[in-house]
Amino acid sequence: MKKSSKSKVKGVAIFIVFLAVAMTAYESYGKKHSTTSMDFKPSANEYRDLKFINKAKIGFSTANVAKAKEGINQIMDKYSKQRIRKQNEGSFGAYVFSIPQDKLYTVIGELETLGTVGPQVEQIDTALVNLDSKNESEKLASYESELTELNKIRQPATAQNDRKEALHSLIQSSRSNLDKLRNSDNLLLYLTLSPRQTSGGWTSLLKSTAKNFIKWLITLSIGAVLVFYGTKLLMYFLSALGIRSPRLPGAGGYGGYGGYGGYSNYSRYASRYGSNSKRKIKRIYKDKDSSSEQNESEGTENK
């Protein structure tokens, strides 16, 4: 193999090695840091705004996401009284539902068999703790009775219309409080699901990196060989069809692509009209007079 060809092969080999290293680094570390996540803000806001006397928030992570999702579905089917949100995005999930208050630790125990139960926060709405169901029912009846009497007035004054608006708000609030008090034995649970990151240490990392590097090295090497021979095959095919590529000035062609207006044409004409030509050349001097020419010709004849 010529020295120039060896240099070209060496350059291509170095390029393939560097490209394999870059692809390995991207696959090993780039994908790890670009793991998609989930926006828990909408579900967290919904949990915050819902009025329940008892609330609980649990963070949950697992290495087997599919099994965990199936287990959460079974928990909701078994214990939930009201399903408010069930959101799955890839390996993440957010669930808002109510369960009997005495079933909270039962649910936590079942979650522990599926993964790792993280932070747990239990809350009590103090604004509803002091409410009494009997007093709230009496307030609601009083508001509704007053509103009925005001509705009987055919031409109510401005103050009476304002009072009617206020009564509508009070009635709505009392009904909402009564609904919450009826659910005082239930608990609003907010459960978040996240994948657990597993790591096998430096040995596992090195094995994975080496495997990826060898995979990319083989793939790129095969690709380079296919490109090289594919290009040669394409050039032969084009040459067979009579399609010739444009020739750069001062450069030779590929196969039958050379020999047009180049050195070969020049050398052909130079050999025909070069310095070795034996053609005779007759020279005529204008400065000589005709008599001298005649004397020269007579002298030549006498000789």
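Going by the structure above, here's the rest.
In this report, we go over the structure that sits alongside the text. (Residues numbered from 1 in each chain as written. Predicted model: local features only at pLDDT ≥ 70, side-chain atom pairs only at ≥ 80, totals over all residues. Heavy atoms only, no water.)

**Re a nonpolar patch on the surface**
Heads up, the condition is: Here a patch means residues that are over 30% exposed by relative accessible area and free of salt bridges, tied together within 9 Å if like-charged and within 5 Å if nonpolar (Val, Leu, Ile, Met, Phe, Trp, Tyr). A 1.4 Å probe and the Shrake-Rupley method give the accessible areas. Residues count as covered only by the protein chains that appear here. The working definition used for a salt bridge is a side-chain nitrogen of Lys or Arg within 4 Å of a carboxyl oxygen of Asp or Glu. Only DSSP runs of H or I with at least four residues qualify as helices, and only runs of E with at least two residues qualify as strands; both kinds are numbered from the N terminus onward.
A surface patch of nonpolar side chains, amounting to about 400 Å² of accessible area, comprises Ile214, Ile218, Ile222 and Leu226. Relative to the helices and strands, Ile218 is located in helix α8 (residues 201–240).

**Some details on the packing of helix α3 (residues 65–79) against helix α4 (residues 104–112)**
Inclusion rule: Only the contacting stretch of a helix is used when fitting its axis, a line to C-alpha atoms as for every element, and angles between N-to-C directions run 0 to 180 degrees. Between 65 and 115 degrees an angle is taken as roughly perpendicular, under 35 as roughly parallel, over 145 as roughly antiparallel, and anywhere else as oblique. By definition, any crossing whose near helix is turned counterclockwise from its far helix by less than a right angle is left-handed, and any crossing with a clockwise turn is right-handed. Contact criterion: two residues are considered in contact whenever any of their non-hydrogen atoms come within 4.5 Å of each other. The residue classification treats Ala, Val, Leu, Ile, Met, Phe, Trp, Tyr, Cys and Pro as nonpolar and Asp, Glu, Lys and Arg as charged. All others, Gly included, are polar.
Here α3 crosses α4 at 160°, and the two axes come no closer than 11 Å. Accordingly, the angle class assigned to the pair α3 and α4 is roughly antiparallel. Taken as a pair, α3 and α4 cross one another with a handedness that is right-handed. Taking contact as the criterion, the partners of Ile72, Ile75, Lys78 and Tyr79 in α3 are, on α4, Thr106, Val107, Glu110 and Leu111. Grouping the constituent residues of the contact of α3 with α4 by class yields five nonpolar, one polar and two charged.

**Quick look at the pairing of strand β1 (residues 54–62)**
What counts, and what does not: Throughout, exposure labels follow a simple rule: accessible area from a 1.4 Å probe, protein chains only, divided by the maximum for the residue type, with under 20% read as buried, over 50% as exposed, and the rest as partly exposed. We treat two strands as partners when DSSP finds at least two bridges between them.
Within β1, eight of the nine residues are buried, leaving the element largely enclosed by the surrounding structure. Pairing of β1 with strand β5 (residues 186–195), which is carried by eight bridges, proceeds in the parallel orientation. Note that in β5 the partner of Gly59 across the bridge is Thr192.

**A short note on the packing of aromatic side chains**
Short version of the rule: Note on aromatic contacts: the rings of Phe and Tyr and the six-membered ring of Trp form a pair at centre separations within 6.5 Å, being stacked when their planes are under 30 degrees apart, edge-to-face when over 60 apart, and tilted otherwise. Look at NZ for Lys and CZ for Arg. If either is within 6 Å of the ring centre and within 35 degrees of the ring normal, a charge sits over the ring.
Applying the stated criterion to the full structure yields three aromatic pairs. Where Tyr47 meets Tyr190, the ring centres are 5.3 Å apart and the plane angle is 25°; that geometry is what we call stacked. Of this pair, Tyr47 sits in helix α2 (residues 41–49) while Tyr190 sits in strand β5, and the two are 143 residues apart along the sequence. For Tyr47, a relative accessible area of 6% puts it in the buried group. Among the residues examined, Tyr190 registers a relative accessible area of 1% and is labelled buried. Aromatic pair Phe228 and Tyr229: ring centres 5.1 Å apart, planes at 80°, arrangement edge-to-face. Sitting above the plane of the Tyr47 ring, Lys55 keeps its charged end 5.0 Å from the centroid.

**Some thoughts on the sheet that holds strand β4 (residues 116–124)**
The strands that make up a sheet pair up through hydrogen bonds in the backbone, lying either parallel or antiparallel. The mixed open sheet is built from five strands, whose spatial order is β2-β3-β5-β1-β4. Taken across any chain shown, the strands that pair with only one partner, and hence form the sheet edges, are β2 (82–89) and β4. Neighbouring strand axes in the sheet, compared pairwise and without regard to direction, differ in orientation by 15° on average. Here α2 sits on the sheet in contact with β1, β2, β3 (92–100), β4 and β5, set at roughly 165° to β2. Together, β1, β2, β3 and β5 form the strand contacts of α3, whose direction differs from that of β3 by roughly 20°.

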